[in-house]
Number of protein chains: 2
Amino acid sequence: MRVAILGTGLIGSSLGLRLRRDAAKTKVEVIGYDRYPDVAQQARKVGAVDSTAHTPQQAVEGADLIILATPLLAIRKMLEEIAPVVGPDAVIIDTGSTKADVLRWVDELLPAHEGFVGAHPMAGKTQTGPEAADADLFEGARWVIVPTTRTSERATNAALWLAETVGAKSMFMDASEHDAYVAAISHMPMLAATALFAMERASDAWPELSLLAAGGFRDTTRLAGTDPAMAFDIAVTNREHTIHWLNRYIGALIDLRERIADPELEEVLFRQLAETSFEYSAFINGKVGREEPTDTQAGAAAAFSFQDFLAGGWMREKLSEVTGDSERRLEEQGRRSRERREV
Amino acid sequence: MRVAILGTGLIGSSLGLRLRRDAAKTKVEVIGYDRYPDVAQQARKVGAVDSTAHTPQQAVEGADLIILATPLLAIRKMLEEIAPVVGPDAVIIDTGSTKADVLRWVDELLPAHEGFVGAHPMAGKTQTGPEAADADLFEGARWVIVPTTRTSERATNAALWLAETVGAKSMFMDASEHDAYVAAISHMPMLAATALFAMERASDAWPELSLLAAGGFRDTTRLAGTDPAMAFDIAVTNREHTIHWLNRYIGALIDLRERIADPELEEVLFRQLAETSFEYSAFINGKVGREEPTDTQAGAAAAFSFQDFLAGGWMREKLSEVTGDSERRLEEQGRRSRERREV
């Protein structure tokens, strides 16, 4: 099978590496094209492609499977370039992080082709380029498949085959559903990290702050290191959804600020912190997806688990301290602000 | 030397482990006390203390160095408990995450003692308790020393010795400076992560979102797993500073939202994303603290480095695409919203 990978950056090269690693089994030959010839050469050097092509047209000639792994906004140009030469039986899969715009471009530029199917492998790292490629990048990752209204069964099966071959777990979504979800769970964290790091970096105190920064700060802001071209393409192809989630996040921060500012809300604040920590721990320990309690008892247990947590041992003690000490802290705070006024 | 550790959780036990590892050199004997006897027993079991005491008074009897490593709000109670029995030559070091309140409690409860010095080891992990203790937890970490107006030179030296012994890098600050800085670089990331995770968790789409969550989301929200008692104590002892930074963060998110919402600001958006990514990469590669350019040329180079980055190679190309394509996207967007109105 002949596979053309257009765009041999981190994602394209990681796919190529994995496909070629199992080439004896999959009988795959990989041709790589990149807008920057040295990037394509580098992909060949790390073993991600068998050979390189000088043009997108040359790369897709006779290809059974065409993978569009360029930056998101460049997919449109790739589709323009290959539209005149792509075979009617070729399967075309993109790997972009948003889908509504991509499907619109496909409608516009390949209006009759039945081989296109969108894909979004939910994996990555901050480093870019073929040097960072990793055959195991997609192992265990989610791989969202977004068919169009014209996608043939053969093309869908090819997308499933590709996900399975690279070790990813597929799920189907439509484009608008996909874009709404990833805005929340992927783009929002990136924007939260970017805004946080940019704010700290812009502070006059940054020289001191940067010395004090520990692992927590580095983890929280890691996504601020996202390739800016990728971040930009995501923002402008998913404006409405990202703005929706930015608004919700701003609202959540305003609520949290109120709970911290008002000493009378100390108990509410503590309950929120405790519940968030409890739920985070459940999430990180694998509680994901939709729970389907098998009987009423299990349902009740699942529903009341945070209450159980709060009612047991030291959490209960802390809660009663929070409530009990609150009054003393209110008094102290009142005394301090009176003192300040007197000074 | 006799060291009493009051509070044998993660921090107390990690200090004990390290001190006892080098005990042949440091000639240290460590007595542990914890409000929960089983936690103190566990600390002894993992080797963090030589023996345990039943009361704080018993623990500090004859101690040369007293380390207060309890949760922040419990430090006040510990000071009350030990005040009547603590020797005039004992050095007392706390490890709390905020300092202004602690120093106020010391003024109130140990008004004449010259042995108190505040310390804040900027290290930690999400796990808590002696089971998570690690003798290398402080290796290479910042260790802020906050003396009071009465702190003796001997006490300051003891704080420096402790930092050095556990492998940390000391720096001096006063309490209000410390609390302002850590609000920005430590508490703000924790609150950002907490608000983000709580918002996502509360969404009706959480079952789907949690399935799609990848490493980026987990890293950005990792601090949402912070021990809720610790998060609470920090928030209520550092209200004003955390609110200040929450306000700045909300402002930064509002600016970012505007840049995403307005297609005419695409170039501004791209420049911000590029600069943030560039600066993040410099930070993560060790560019911290205050730069002191040795000559004018070096100063100029440092000042213009982001401009150089933006002017070179593919970043320049991307910038010109952003500017060039902006018009086409504006047209597309206009057409789409006209279409929507017609439907």
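As the structure is a prediction and not an experimental result, all values here were calculated from the model.

Here is what the cut-offs are and how they apply
- Residues numbered from 1 in each chain as written.
- Chains lettered and ligands numbered in written order.
- Predicted model: local features only at pLDDT ≥ 70, side-chain atom pairs only at ≥ 80, totals over all residues.
- Core = buried A, V, L, I, M, F, W, Y, C linked by C-beta atoms within 7 Å.
- Buried ≥ 20, exposed ≤ 12 C-beta atoms within 10 Å, placed from the backbone.
- Contact = placed C-beta atoms within 7 Å.
- Pairing = 2+ DSSP bridges.
- Helix = DSSP H or I, 4+ residues; strand = E, 2+ residues; numbered from the N terminus.
- Right-handed = clockwise from strand over helix to strand, strands pointing away.
- Least-squares fit on C-alpha atoms with pLDDT ≥ 70 in both.
- Axes fitted to C-alpha atoms, helices over the stretch in contact; angles between N-to-C directions.
- Left-handed = near helix turned anticlockwise from the far one by under 90°.
- Nonpolar A, V, L, I, M, F, W, Y, C, P; charged D, E, K, R; others polar.
- Expected span 1.5 Å × (residues − 1).
- Parallel < 35°, antiparallel > 145°, perpendicular 65-115°, else oblique.
- Domains from an automatic or database assignment.
- pLDDT = per-residue confidence, 0-100.

Trainee: Which parts of the structure should I look at to understand the nonpolar core?
Mentor: Side chains of nonpolar character tend, in soluble globular proteins, to be buried together. Of all hydrophobic cores here, the largest spans 205 residues; its most connected members are Ala4, Ile66 and Ile67 of chain A together with Ala4, Ile66 and Ile67 of chain B. Once residues within four sequence positions are removed from consideration, Ala4 of chain A is found in contact with Ile31, Tyr33, Ala59, Val60, Ala63, Ile66 and Ile67 of chain A.

Trainee: What's the story with the sheet that holds strand β2 (residues 29-33) of chain B in this structure? I'm lost.
Mentor: Pairing between the strands of a sheet is mediated by backbone hydrogen bonds and can be parallel or antiparallel. Residue and element names in this part refer to chain B. The strand order across the open sheet formed by eight strands is β3-β2-β1-β4-β5-β6-β7-β8, and the pairing between neighbours is mixed. Looking at the sheet topology across the chains shown, the edges are occupied by β3 (51-52) and β8 (169-172). Where strand β1 (residues 2-6) and β2 come together, five bridges link them in parallel fashion. Paired with Arg2 across the two strands is Glu29, which belongs to β2.

Trainee: How should the pairing of strand β2 (residues 29-33) of chain A be read in this particular structure?
Mentor: Successive residues of a regular strand alternate their side chains across the two faces of the sheet. Residue and element names in this part refer to chain A. Along β2, four of the five residues are buried, which leaves the element largely enclosed by surrounding structure. Pairing of β2 with strand β3 (residues 51-52) involves two bridges; the strand directions are parallel. Looking across to β3, one finds that Ile31 is bridged to Ser51. In this fold, β2 hands off to helix α3 (residues 37-45), which returns the chain to β3; that crossover is right-handed.

Trainee: Teacher, can you tell me more about the relation of the copies chain A and chain B here?
Mentor: Each of the two chain copies goes to the other by way of a rotation about an axis and a shift along it. In screw terms, the move from chain A to chain B is a rotation of 180° and a rise of 0.0 Å along the axis, fitting with an RMSD of 0.0 Å. Here the symmetry operator amounts to a two-fold rotation axis. The C-alpha atom lying nearest the rotation axis in chain A is that of Thr220 of chain A; the distance is 2.0 Å.

Trainee: Explanation requested: the packing of helix α11 (residues 228-237) of chain A against helix α13 (residues 266-284) of chain B in the structure shown.
Mentor: To describe two helices that pack against each other, one gives the angle between their axes and the distance between the axes. Direction vectors running N to C along α11 of chain A and α13 of chain B enclose 145°, while the axes themselves pass 9 Å from each other. Between α11 of chain A and α13 of chain B the crossing geometry is right-handed. Here Pro228, Ala231, Phe232, Ala235 and Val236 of chain A of α11 of chain A lie close against α13 of chain B, whose contacting residues are Glu266, Leu269, Phe270, Leu273, Ala274 and Ser277 of chain B. Of the residues contributing to the contact of α11 of chain A with α13 of chain B, the split by class is nine nonpolar, one polar and one charged.

Trainee: Teacher, can you tell me more about the sheet that holds strand β5 (residues 91-94) of chain A here?
Mentor: All names here are of chain A. Sheet architecture is open: eight strands sit in the order β3-β2-β1-β4-β5-β6-β7-β8, paired in mixed fashion. Every interior strand has two partners, whereas the edge strands, β3 and β8 (169-172), have only one. Pairing of strand β1 (residues 2-6) with strand β4 (residues 65-68), which is carried by four bridges, proceeds in the parallel orientation. Across the sheet, residue Leu6 finds its bridge partner in β4, namely Leu68. This element, helix α7 (residues 153-165), spans β4, β5, β6 (116-121), β7 (142-147) and β8 of the sheet and lies at about 25° to β6.

Trainee: Where do I start with helix α13 (residues 266-284) of chain A in this structure?
Mentor: Note: α-helices contain 3.6 residues per turn, so residues at a spacing of three or four share the same orientation. Taking 1.5 Å of rise per residue, 19 residues should cover 27 Å, and α13 of chain A covers 27 Å from first to last C-alpha, within 8% of that figure. Turning to α13 of chain A, its buried residues are Glu266, Leu269, Phe270, Gln272, Leu273, Ala274, Thr276, Ser277, Glu279, Tyr280 and Phe283 of chain A.

Trainee: Is there a simple way to think about the interface of chain A and chain B in this case?
Mentor: Put simply, an interface is often sized by how much accessible area is lost when its parts join up. With 85 residues of chain A at the contact, the number on the chain B side is 86 residues. At the level of secondary structure, the elements contributing two or more residues to the side of chain A that touches chain B comprise α8 (175-202), α9 (206-212), α10 (215-220), α11, α12 (239-261), α13 and α15 (313-342) of chain A. Among the residues forming the side of chain A that touches chain B, the class breakdown is 53 nonpolar, 15 polar and 17 charged.

Trainee: Quick question: what am I supposed to make of the packing of helix α5 (residues 74-82) of chain B against helix α6 (residues 100-109) of chain B here?
Mentor: All names here are of chain B. One can describe the packing of α5 onto α6 by two numbers: an axis separation of 10 Å at closest approach and a directional angle of 20°. On the basis of their axis angle, the class for α5 and α6 is roughly parallel. Crossing handedness for the pair α5 and α6: right-handed. Judged by residue contacts, Ile75, Arg76, Leu79 and Glu80 of α5 engage Val102, Trp105, Val106 and Leu109 from α6. Of the residues assigned to the contact of α5 with α6, the class counts are six nonpolar, no polar and two charged.

Trainee: In this structure, what is going on with the pairing of β7 of chain A? I would like to understand it.
Mentor: Residue and element names in this part refer to chain A. Taking burial as the measure, the six residues of β7 include five buried ones, the bulk of the element. Bridging between β6 and β7 involves five bridges; their strand directions are antiparallel. Among the inter-strand pairings, Gly118 is bridged to a residue of β7, identified as Val146. Where β7 lies against β8, four bridges are found, and the strand directions are parallel. Bridge pairing in β8 places Ile145 opposite Phe172. Read from β7 through α7 to β8, the crossover connection turns out right-handed.

Trainee: Hey, could you run me through the domain arrangement of chain A in this one?
Mentor: Residues and elements named next belong to chain A. When cut into domains, chain A gives domain 1 (2-173) and domain 2 (192-342). Using only C-alpha atoms to locate each centre, domain 1 and domain 2 end up separated by 38 Å. Listed by partner, the interface residues are eight residues for domain 1 and ten residues for domain 2. For the side of domain 1 that touches domain 2, the residue count by class is three nonpolar, four polar and one charged.

Trainee: Would you explain the confidence of the model for chain A in this entry?
Mentor: Low pLDDT means the predicted coordinates in that region are not meant to be read closely. With 92% of its residues at a pLDDT of 70 or more, chain A shows a mean pLDDT of 90. Both confidence scores are given for the complex: pTM 0.88, ipTM 0.88.

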